[in-house]
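# Structural features, examined
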Amino acid sequence: LTGAAALLPPGRDGRHGPRPRRLAHVPAFSVEMPLPPVARPVQVRPDADVYQVRIKPARVEIVPGLLTPVLSFGGGFVGPTFQVRTGRRVIVKYHNDLDRAANVHLHGGHVPSVSDGHPMDVIDPGRFRVYDYPNTQQGTTLWYHDHSHHTEARNVYAGLHGFYVIEDPAEAKYGLPRGRYDVPIMIRDALIGQDGELIYDVPDTRTTLLANGRPQPYFRVAARKYRFRLLNGTTHRLFRLRLEGDLPLIQIGSDGGLLPAPQRMRELLISSGERADVVVDFSRFKPGDQVMMHDTSGTVLRFDVVRRARDHSRVPDVLRPLPDLPEATVTRDVVFNLDLTTPKWRYLMNEQEFDPARVDFQVRRGATEIWRIHNADVERGGINHTFHLHLEQFRVLDRDGEPPWPTDLGRKDTIYVPPGASARIKVRFTEHLGRYVYHCHFLDHSSLGMMAQLQIVP
Ligand code: C2O
Ligand code: CU
C-alpha cells in the first residue's frame, strides 16, 4: 500500500517526476519545536469573541539560517491556534493581503455554509470576509486552511494552515493532561531549495519532515503524561507514526472528539487532514532520556525528557460515549477514479470533475445516510486517495465488509481509502442547509477536480 503512487499529471515540459534541483541542507534536531501562537480576540462581546487575522506573505525561518517565503495566516508558518469553547460563538474577520485569492475552511467544523469556505467563496486580494463559527459541537481538534478553487494545494503547502481547538467544559471531568501539557503538533512535509524556497513539486519529492513548521525538531518534556493533538497537515501523504521502543500512543480522540474508550496504539496511520488526539506517558523516563517519534519515512521529532514533574492527570478507562445513529434511509456510492487515458489526466469522483454549478447529491436535513466510498485506482501499482466530508463527522461502518481499522473509531471526517478498497460510512446531516463539498483530501488531487458537492435541503 505504501508503494501506491503519488501521481500528478506531467508538467508543461511533459516530464513526470521531479526536476533536478539544489536543495537546502537540513540538519536534524537542531531546533526546538515551537508552539504556534494562540489567537487573541480583538473584542469580547456578550454573544461572541471577535478575532482578526491577516492572510499575508511572510518570510519565516524553517531551516536554521535560511528565510523561506511563505503564505501565512498572521505572519507565522503555522497560523495562530484558536482556543475556543463549546457553546461560545466566534467571529473571525480575515483580510486578504496576498496578491491572489484565498479563503478559509474550518475543517471538521459544523458551520453554516456561508462560513464554510466553499471553494468558490474566495476572498479577493485586498478584500476581507467575516466567518461566523457557532461552535455548537463537542470538544475536538479542528484545523483551518485555504480552500480556494484549484489553488488550495499550493496555498496550503505554502503555509495557509493552523489549529482550531474546541475545548469542551463537559470534558473537564476526565482529568486529561491540560494547559502546557496539552500540545498541538502539526506534522507535514516540504521540499526546500538551497535558498530556503519552498518548492511545490510532485508529492514524492517532499522529503523534509516538519513538526509545527521546523524540521525534525526536539521538544523538551517533563517525565509525565502529555496530550498531543496530532494533525497531518500535508496536502498529500500518509504517516505511520511510532514512538521509539514502542512506547504506546494512547489514542483518546479522533477527528470529531473523544473516543468512547482510550486505545493503546503502537502505530498510528494518519492521512492528510486527519487528527489523532493521543496521550503519551513519559513517566518511566528520567531527565536526559530521549524518545524519537518516527514515521516509516524518517524521524519526525525527538522528545527530550528534561525534568521530573508532578502529574495529577489521568486517562480514564471510559471516555465519551457515542450516541446511536438512527437507521439510514439513503445509500450512495462515491467512486474515486483517475482517468489516465487523456493527455491531461482527469481527477474524477463518480466519473466527473468538480463543477461548482452542479449539485452531485441532494440531501435532506435530518437524514441519516450510508455512503460507500470506493477507490477504483488499481492500475500502475495503485493510487491512494482519502475521503473528506465537510460539515458533519461520520462513523466508519466497515472496510470491504471487515471491521473498521483502529484509527477509524469515533467521529471521523477524513479517512484513507487504499487502491481497490472500499469503506462504508454512516452520517447524519443534523443541521444547516446549503452547499458543502466532499473530496479527496490529497489536495493535490482535489485541486485538479477530485471533488464534488452536496446540497442540504429542508
Ligand atoms: Cu480540509 Cu475540504 O478540506
Ligand atoms: Cu486522491
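As the structure is a computational prediction, the values presented were derived from the model and not from experiment.

A few words on the sheet that holds strand β15 (residues 238–243). The strand order β13-β21-β20-β15-β18 describes an open sheet built from five strands, whose pairing is mixed. The outermost strands of the open sheet, each flanked by one partner alone, are β13 (218–223) and β18 (268–271). Within the sheet, the average angular offset between the axes of one strand and its neighbour, ignoring direction, is 30 degrees. For β15 and strand β20 (residues 290–295), the ladder comprises two bridges, and the chain directions are antiparallel. Bridging from a neighbouring strand, Leu 243 pairs with Met 293 of β20.

Moving on to the UniProt feature "domain: Plastocyanin-like" (unreviewed entry) in the chain. Under the local residue numbering, the UniProt record ascribes the feature "domain: Plastocyanin-like" (unreviewed entry) to residues 62–170, 221–293 and 342–456. Along residues 62–170 the backbone is 6% helical and 38% strand, and the end-to-end C-alpha distance reaches 38 Å. Spanning residues 342–456, this segment combines 3% helix with 43% strand, and its end C-alpha atoms are found 34 Å apart.

Under the domain assignment used here, the chain contains domain 1 (43–169), domain 2 (179–308) and domain 3 (330–457). Here the C-alpha centre of domain 3 lies 24 Å away from the C-alpha centre of domain 1. Of the residues lining the interface, 13 residues belong to domain 1; the matching set on domain 3 comes to 15 residues. Split by residue class, the side of domain 1 that touches domain 3 holds five nonpolar, six polar and two charged.

Although it is not a glycine, Asn 212 sits at a positive phi angle of roughly 50 degrees. Mapped onto the elements, Asn 212 comes out in the loop between β11 (208–211) and β12 (214–215). Within the chain, Arg 380 stands out as a residue other than glycine whose phi angle is a positive 55 degrees. As for its placement among the helices and strands, Arg 380 is situated in the loop between β25 (368–375) and β26 (385–389). A residue is classified by how many C-beta atoms lie within 10 Å of it, and Arg 380, with 12 of them, is exposed.

Reading the values: rules and limits
Residues numbered from 1 in each chain as written. Chains lettered and ligands numbered in written order. Predicted model: local features only at pLDDT ≥ 70, side-chain atom pairs only at ≥ 80, totals over all residues. Pairing = 2+ DSSP bridges. Helix = DSSP H or I, 4+ residues; strand = E, 2+ residues; numbered from the N terminus. Axes fitted to C-alpha atoms, helices over the stretch in contact; angles between N-to-C directions. UniProt positions renumbered as here; feature names shortened; annotations may be inferred. Domains from an automatic or database assignment. Contact = placed C-beta atoms within 7 Å. Nonpolar A, V, L, I, M, F, W, Y, C, P; charged D, E, K, R; others polar. Buried ≥ 20, exposed ≤ 12 C-beta atoms within 10 Å, placed from the backbone.

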